[in-house]
Amino acid sequence: ARLEQEQASEAEALLSDAILISDDKKISQYLPNQASAHCILAQALQQQNKPGVRAQWEQCQTLADPSIPEEDTWRRLANDYLKFP
C-alpha cells in the first residue's frame, strides 16, 4: 500500500522488517509465500535508485509462484530487470 501511495521509503522499511521476520526459521515454516516482500521491496528500492535492487529481484524471481497472478507479473518484471546488467 505504501508503495502505491508513493511512500517508497516507508514501504522499504516495512518490507525489510517483513523479510527479517520471514527469515526466522521458526516463523518461515508458517509463511507459505515469501516472494511478495522481496518483489515489492525490489520495486521500492528501484523507485528510490537505491542499492540492493538486483538482489531483491533475484529473490523475487526465485520465490515467485507463477500460478499466482500478482507474483507472475512480478516474476516477469524481475526477468526484465535481470536481463540487463
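All values reported here derive from a predicted model rather than from experimental measurement.

A. Fine view of the pattern of salt bridges. Taken as a whole and judged by the stated rule, the model has five salt bridges. Between Asp72 and Arg75 there is a salt bridge, and its shortest N-O distance comes to 2.8 Å. Of this pair, Asp72 and Arg75 both sit in helix α5 (residues 69-82), three residues apart, which is roughly one turn of that helix. A residue is classified by how much of its surface remains accessible, and Asp72, at 17% relative accessible area, is buried. A salt bridge links Asp80 to Lys83, with the nearest nitrogen and oxygen atoms 3.9 Å apart. Judged by relative accessible area, Lys83 falls into the exposed class, the value being 60%.

B. Structural view of the nonpolar core. Counting 18 residues, the largest nonpolar core has Leu15, Cys39, Leu41, Trp57 and Cys60 as the members making the most contacts within it. At the level of secondary structure, the elements contributing two or more residues to this core comprise α1 (8-23), α3 (35-47), α4 (53-63) and α5. Counting residues per element, this core draws most heavily on α3, at seven residues. Beyond its immediate chain neighbours, meaning those up to four positions away, Cys39 contacts Trp57, Cys60 and Trp74.

C. The arrangement of the state of the cysteines in detail. The final tally for this structure, using the stated rule, is one disulfide. Across a sulfur-sulfur distance of 2.0 Å, Cys39 and Cys60 are joined as a disulfide pair. Judged by the sign of its S-S torsion, about 95 degrees, the bond between Cys39 and Cys60 is right-handed. Separated by 21 residues along the polypeptide, Cys39 in helix α3 and Cys60 in helix α4 bring together distant segments of the chain. Per residue, the accessibility class of Cys39 equals that of Cys60, and both read buried.

Conventions we followed
- Residues numbered from 1 in each chain as written.
- Predicted model: local features only at pLDDT ≥ 70, side-chain atom pairs only at ≥ 80, totals over all residues.
- Heavy atoms only, no water.
- Salt bridge = Lys/Arg side-chain N within 4 Å of Asp/Glu carboxyl O.
- Helix = DSSP H or I, 4+ residues; strand = E, 2+ residues; numbered from the N terminus.
- Buried < 20%, exposed > 50% of the residue type's maximum accessible area, 1.4 Å probe, protein only.
- Core = buried A, V, L, I, M, F, W, Y, C linked by side-chain atoms within 4.5 Å.
- Contact = heavy atoms within 4.5 Å.
- Disulfide = S-S within 2.5 Å.

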